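Examining the three-dimensional arrangement
Chain residues, written in single-letter form:
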Amino acid sequence: MSSENSSADDVRQVWDVVVVGAGPAGASAAYAAAVAGRRVLVLEKAELPRYKTCGGGIIGPSRDALPPGFELPLKDRVHAVTFSHNGRFTRTRRSKQMLFGLINRPEFDQQLVEHAQKAGAELRTGVTVQRVEQHGSAVPDRRTVAVVLQGGEVLLARSVVGADGSASRIGAHVGVKVDQVDLGLEAEIPVPETVAEDWKGRVLLDWGPMPGSYGWVFPKGDTLTVGVISARGEGAATKRYLEEFIGRLGLAGFEPSISSGHLTRCRSDDSPLSRGRVLVCGDAAGLLEPWTREGISFALRSGRLAGEWAVRIAEAHDAVDTRRQALNYAFAVKAGLGVEMSVGKRLLTAFERRPGLFHAALTAFRPAWKGFKEITQGSTSLGEIVRTHPVAQRALTAMDRRPATGDEVSSSP
């Protein structure tokens, strides 16, 4: 905080950065701003720890975006992936090096928040943000945002980071636009030791019966996280896919400890990432990988960027400087995550039309499996592969052009 404003701000309790939401995006933003020595407040409507519908896969980019000294609370380390196409043509690929880790979100999120608190951020749980205001009677000057809580309490901030999930109120204030909405359904299924042992170190990815759908099994000790995802509007079919998937796996006899659903929302290319002194990140900004709908790495990375730029916005003295910093934040997000998202959108379109081709490539074409491994391990990204591998460029361009010709998986192993 700049010294000339500190005494006035202390009297009026103006926070440098208020972060709305204490998931991976919010905790990362709070950590980044607190490490810079700013007064940071995190607001979370739930009491922590709390459950989130999420597979809980921690790929390389997620691991690399964690705060220094963060010890991942891994439930399993994945060295093998079984691929199937709607229950058929099953094949397992293995890796000597760990592909990715599996966590439970309540523990992981709690630990991230604790790191932000250790860096100096304050946390308030059980509070719901109704709206933010950047003009009007609640706002004392143009350098301040009013955060209005349910019940009428008003908090003042120099900048606000919206990290309040896919149904974000802050996202609505910013004007976030989405062009892809998917429904994820998930069951946490406790299983006997013999069943758990069979899944140890191995996940299943099943390309599903509806266009763009797939299912997964993620082992976490004595519990299997089993889920499916498909485009919104196919609710009954998605539910049926999950039931059939669980039945096919021989898990129908086990009672889930939790069954849940969640909508994921992917931003359109022209969607804003800020408005005035308010930034959005993670699910609130519609930032996730469109094909796999992987969101944790996008939340951690965009959250860190949002925290860093929220500090600069907090220091901005006028609208011109504020706008400059907000545009720099948008540029930083689009230069990295935006490139990955645009490739992911092209892959999803191709996958929707030709899932059999994807299955055949991942199970029988060594470069495709190598690319999958390198992405999950964090040594490359989708964008990087398409940029640096002419074969990948040509394949993606060919898939962009070619129409689907029915289910082509019959030729796969």
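Per an unreviewed UniProt entry, the chain goes by Geranylgeranyl reductase family protein and derives from Streptomyces violarus.

The next thing to look at is helix α2 (residues 24–35). Spanning 12 residues, α2 covers 16 Å between terminal C-alpha atoms, matching the ideal 16 Å at 1.5 Å per step. Across the 12 residues of α2, 10 count as buried, placing the element largely inside the fold. Those residues of α2 that sit buried are P24, A25, G26, A27, S28, A29, A30, A32, A33 and A34. Among the structural elements, β1 (14–20), β2 (40–44), α4 (105–118), β11 (154–162) and α8 (296–315) are those in contact with the buried residues of α2. Just downstream of α2, G37 is the residue with a positive phi angle, here 85°.

Read across the sheet, 7 strands follow the order β6-β5-β13-β14-β15-β12-β16 without closing on themselves; strand pairing throughout is mixed. The two strands at the open ends of the sheet, each matched to only one other strand, are β6 (88–94) and β16 (258–267). When strand polarity is set aside, the average angle formed by the axes of neighbouring strands in this sheet is 20°. Bridge count between strand β5 (residues 80–85) and strand β13 (residues 202–207): 6 bridges; the pairing is parallel. Residue T82 lies in a different strand from β13, and its bridge partner there is L204. Sheet strands touched by helix α9 (residues 319–353): β12 (178–190), β13 and β16. Its angle to β16, the strand with the most contacts, is close to 110°. Contacts from helix α11 (residues 366–377) reach β5, β6 and β13 within the one sheet, and its direction differs from that of β5 by about 125°.

Once that is clear, we can look at the domain arrangement of the chain. Assigned domains within the chain: domain 1 (14–73 + 102–178 + 267–341), domain 2 (179–265) and domain 3 (343–400). The partner domain 3 presents 8 residues to the 7 residues of domain 2 that form the contact. Of the roughly 640 Å² buried where domain 2 meets domain 3, counting both sides, 69% is carbon and sulfur surface. A per-residue breakdown of the area domain 2 buries against domain 3 is headed by Q180, W207 and G212, which together make up 67% of the total. Counting the contacts that link domain 2 with domain 3 gives 1 salt bridge. The residue K345 makes a salt bridge to D179 at a minimum N-O spacing of 3.5 Å. Summed over the shared surface of domain 2 and domain 3, the result is 2 residue pairs in polar contact (both at pLDDT 80 or more). Secondary structure elements with two or more residues in the side of domain 2 that touches domain 3: β12 and β13. Taken together, the residues of the side of domain 2 that touches domain 3 sort by class into 3 nonpolar, 3 polar and 1 charged.

Calculation rules
- Residues numbered from 1 in each chain as written.
- Predicted model: local features only at pLDDT ≥ 70, side-chain atom pairs only at ≥ 80, totals over all residues.
- Heavy atoms only, no water.
- Helix = DSSP H or I, 4+ residues; strand = E, 2+ residues; numbered from the N terminus.
- Expected span 1.5 Å × (residues − 1).
- Buried < 20%, exposed > 50% of the residue type's maximum accessible area, 1.4 Å probe, protein only.
- Contact = heavy atoms within 4.5 Å.
- Pairing = 2+ DSSP bridges.
- Axes fitted to C-alpha atoms, helices over the stretch in contact; angles between N-to-C directions.
- Domains from an automatic or database assignment.
- Buried area = accessible area lost by both parts, 1.4 Å probe.
- Salt bridge = Lys/Arg side-chain N within 4 Å of Asp/Glu carboxyl O.
- Polar contact = N/O pair within 3.5 Å; in protein donor to acceptor, adjacent residues only side chain to side chain.
- Nonpolar A, V, L, I, M, F, W, Y, C, P; charged D, E, K, R; others polar.

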